[in-house]
Amino acid sequence: MSLAFSPEVESALHEQRPIVALESTVISHGLPYPANLEAASAMQEAIRREGAVPATIGILDGKIKIGLTDEEISRLATEKPVQKVSRRDLAVTLATKRLGATTVAGTMLCASMAGIRFFATGGIGGVHRGATTSLDISADLMELSRTPVLVVCAGAKSILDLDLTLEYLETQGVPVIGWQTDELPAFYVRRSGRRLPHRAESIEIVADIARTQWECGLQGLVVTCPIPEQWSMEAEPLEAAIEEALVLAREQAVKGAAITPFILDHVARVTGGESVEANKALLEHNAIWAARFACAYYLSRG
Ligand code: PSU
Ligand code: MN
């Protein structure tokens, strides 16, 4: 088996203490340096403060590392190129011993192999705008229907087609639960105008829903937490930046896995870094809630 655990994660697993998985694509491709390092450590600290153990996941030296060290995180934050690892890339990246950063799909898959059930991230991938002809649908959505992990996120960015993303999640049988909200949050913005099928008000009910989901033999779940008010951005200028990025991507023939990082980078530059600060804030916020949900789940299991 290619799994390698940090001592901290290994003992937490052994003692059945709450663990929260963290992805690494947000470090290598989602945020610029040094914001990526700051976000990675803020998330880990937030999870520890809540009484859970963080497990940042990545691919190094032909191993799936569960619980990266600061040095390993630093490599992912600074070295280039880093392979973006979704389900399709896992075996190739391991066998060729390339440096790899796991996406939401890749992280869910590895977390589940390791026996970890809770995962905090920023935004999940989704159905891209124009998917009716490009068929560009993130593998994150399929993974949610296959793998029993609860993903806490701030919804999805409006770089995606949010209506089609919700439709696709419904088709795949993935519950999307608004954390104290009826609306799908749109990452940098608290509201998207899209109604969610379910809402949860208490940490305990989220833990109960997760347990019931898994007892039924069902797989992934999404819990969406809106970005905290003070970091929430204005929707219109963002939308303009995204439209501009999409036109540039088309002109430069950017496709496939490169699309999401390309748009994120453009939006960060156009908003003068405001989007980067918002991104860091929502990542930490999601880490806090994921830790609370994980703690409630393990506490109530006795
Ligand atoms: N959305 C973000 N930031 C990110 C990503 C998505 O706001 O960093 C990353 C996540 O790792 C996600 C991946 O799983 O992009 C989705 O990429 P794709 O659309 O190529 O599946
Ligand atoms: Mn894609």
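Everything numeric in this text was worked out from a predicted model, so none of it was measured.

## Re the overall build of the chain
- Helix and strand counts for the chain come out as 13 helices and 11 strands.
- A compact globule built from 302 residues would reach a C-alpha radius of gyration of about 19 Å, and the chain, at 18 Å, matches this within 12%.
- For the chain, the C-alpha atoms occupy an extent of roughly 50 × 45 × 35 Å along the three principal directions.
- A fraction of 74% describes how many contacts in the chain between residues 6 or more apart in sequence connect residues 24 or more apart.

## Observations regarding helix α4 (residues 70-78)
- Among the residues making up α4, those that are buried are I73, L76 and A77. Projected onto a plane normal to the axis of α4, the buried residues spread over an arc of 100° and lie on a single side.
- Next to the buried residues of α4 lie α2 (25-30), α3 (35-49), β3 (53-60) and β6 (100-102).

## Thoughts on the packing of α3 against α4
- Close contact between α3 and α4 brings their axes to 9 Å; oriented N to C, the two are set at 145°. In this structure, the crossing between α3 and α4 has a hand that is right-handed. Where α3 abuts α4, its residues N36, L37 and A40 lie against I73, S74 and A77.
- For the contact of α3 with α4, the class distribution of residues is 4 nonpolar, 2 polar and no charged.

## With respect to unusual backbone geometry
- Along the chain, Y33 connects to P34 via a cis peptide bond; the corresponding omega equals 5°.
- The backbone of A253 sits at a positive phi, close to 55°, despite the residue not being glycine.
- Looking at the element boundaries, A253 is found in the loop between α11 (235-251) and α12 (259-270).

## As for the UniProt feature "binding site: substrate" (unreviewed entry) in the chain
- Sites flagged by UniProt as "binding site: substrate" (unreviewed entry) map to K84, V104, S138, A139 and D140. A maximum C-alpha distance of 12.8 Å places the annotated residues, which cover 57 residues in sequence, within one compact spot.
- Within the secondary structure layout, K84 lies in strand β5 (residues 83-85).
- Overall, the presence of 22 C-beta atoms within 10 Å leaves K84 in the buried class.
- Sequence-distant contacts of K84, that is, excluding residues within four places in its chain, are made with T25, H29, A101, T103 and A257.
- Examined against the element boundaries, D140 turns out to sit in helix α8 (residues 139-146).
- What makes D140 buried here is the crowd of 28 C-beta atoms within 10 Å.
- In contact with D140, not counting residues within four places along its chain, are T103, V104, A105, I124 and G125.

## What about the environment of A278?
- Counting through the fold element by element, A278 comes out in helix α13 (residues 274-301).
- Residue classification places A278 among the buried positions, given that 23 C-beta atoms sit within 10 Å.
- Through-space distance from the C-alpha of A278 to that of Y297 is 29 Å; in sequence the pair is 19 residues apart.
- Setting aside residues no more than four positions away along its own chain, A278 makes contact with Y188, I227, W231 and M233.

## Here's the deal with the site of ligand 1
- The environment of ligand 1 is formed by 19 residues, the closest being T25, G30, V104, G125 and S138.
- Per element, the largest residue contribution to the shell around ligand 1 is 4 residues, and it comes from α2.
- A class-by-class count of the residues in the shell around ligand 1 yields 6 nonpolar, 10 polar and 3 charged.

Rules and cut-offs
- Residues numbered from 1 in each chain as written.
- Chains lettered and ligands numbered in written order.
- Predicted model: local features only at pLDDT ≥ 70, side-chain atom pairs only at ≥ 80, totals over all residues.
- Helix = DSSP H or I, 4+ residues; strand = E, 2+ residues; numbered from the N terminus.
- Rg over C-alpha atoms; globule rule 2.2 N^0.38 Å.
- Contact = placed C-beta atoms within 7 Å.
- Buried ≥ 20, exposed ≤ 12 C-beta atoms within 10 Å, placed from the backbone.
- Arc of directions from axis to C-beta.
- Axes fitted to C-alpha atoms, helices over the stretch in contact; angles between N-to-C directions.
- Left-handed = near helix turned anticlockwise from the far one by under 90°.
- Nonpolar A, V, L, I, M, F, W, Y, C, P; charged D, E, K, R; others polar.
- UniProt positions renumbered as here; feature names shortened; annotations may be inferred.
- Near = placed C-beta within 6 Å.

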